[in-house]
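Okay, here's what each chain looks like letter by letter:
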Amino acid sequence: MKKIEAIIRPERLTETIKGLKSIGITGFTVSQVVGRGKQKDTKGVYRGKNYQVTLHPKVKLEIVLSDYLVESTIQTVVKAAQTGEEGDGKIYVYPILEAYNIRTGKFDDDIDDLVNREEGL
């Protein structure tokens, strides 16, 4: 099992979710985050005062899935989230050693159950 974390532009979230659903990925977590990378600072005005934005709003997608789904999921996220400009985001892949179902308290070896149900398998 692997965990994919994708930090993307908020305006690309809807397109990214559509892409994930198109390949059968329906289980994921979305969080609003702020961060800093190579994207340049921007300026804003709040109550008539100028300020510099150094932390940019982003969205973090977290997806846990079987190893065989990782490559297609990464390709889908890149295709949907990419604008070609600085600040498009990053994708990180982590190994998952174990997963447990909170409802049952048991080891969850069927992490792709959401994918399988959608595909009718």
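These numbers were taken from a predicted model, which means no experiment stands behind them.

What counts as what
Residues numbered from 1 in each chain as written. Predicted model: local features only at pLDDT ≥ 70, side-chain atom pairs only at ≥ 80, totals over all residues. Heavy atoms only, no water. Pairing = 2+ DSSP bridges. Helix = DSSP H or I, 4+ residues; strand = E, 2+ residues; numbered from the N terminus. Axes fitted to C-alpha atoms, helices over the stretch in contact; angles between N-to-C directions. Contact = heavy atoms within 4.5 Å. Polar contact = N/O pair within 3.5 Å; in protein donor to acceptor, adjacent residues only side chain to side chain. Parallel < 35°, antiparallel > 145°, perpendicular 65-115°, else oblique. Left-handed = near helix turned anticlockwise from the far one by under 90°. Buried < 20%, exposed > 50% of the residue type's maximum accessible area, 1.4 Å probe, protein only.

(A) Spotlight on the sheet that holds strand E5 (residues 56-65). The strand order across the open sheet formed by 4 strands is E2-E5-E1-E6, and the pairing between neighbours is antiparallel. Each edge of the open sheet is held by one strand with a lone partner, namely strand E2 (29-35) and strand E6 (89-95). Strand-to-strand twist of the sheet, defined as the mean angle between neighbouring strand axes without regard to direction, takes the value 20°. Docked against the sheet, helix H1 (residues 13-22) engages strand E1 (2-8), E2 and E5, running at close to 10° with respect to E5. Strands E1, E5 and E6 of the sheet are contacted by helix H2 (residues 70-81), whose axis makes an angle of about 5° with E1.

(B) Spotlight on the side chain of Glu-62. Along the chain, Glu-62 turns up in strand E5. Here Lys-3 takes part through its side chain, which lies 2.8 Å from a polar atom of the side chain of Glu-62. In contact with Glu-62, other than residues within four places in its own chain, are Lys-3, Ile-4, Glu-5, Phe-28, Thr-29 and Ser-31.

(C) Summary view of the packing of H1 against H2. Contact geometry for H1 and H2: axes closest at 8 Å, N-to-C directions at 150°. By the angle class used here, H1 and H2 are roughly antiparallel. Between H1 and H2 the crossing geometry is right-handed. Mapping the contact onto sequence places Glu-15, Thr-16, Gly-19 and Leu-20 in H1 and Thr-73, Thr-76, Val-77, Ala-80 and Ala-81 in H2.

(D) Main features of the pairing of E5. Judged by how many residues are buried, E5 sits mostly within the fold: 7 of 10 residues are covered. In the sheet, E1 pairs with E5 via 7 bridges, with the strands oriented antiparallel. Bridging across to E5, Ala-6 finds its partner in Leu-61. In this sheet, E5 lies alongside E2 in antiparallel orientation, the contact comprising 7 bridges. Pairing of Gln-32 across the sheet is with Val-59, part of E5.

In short, geometric facts, not functional conclusions.
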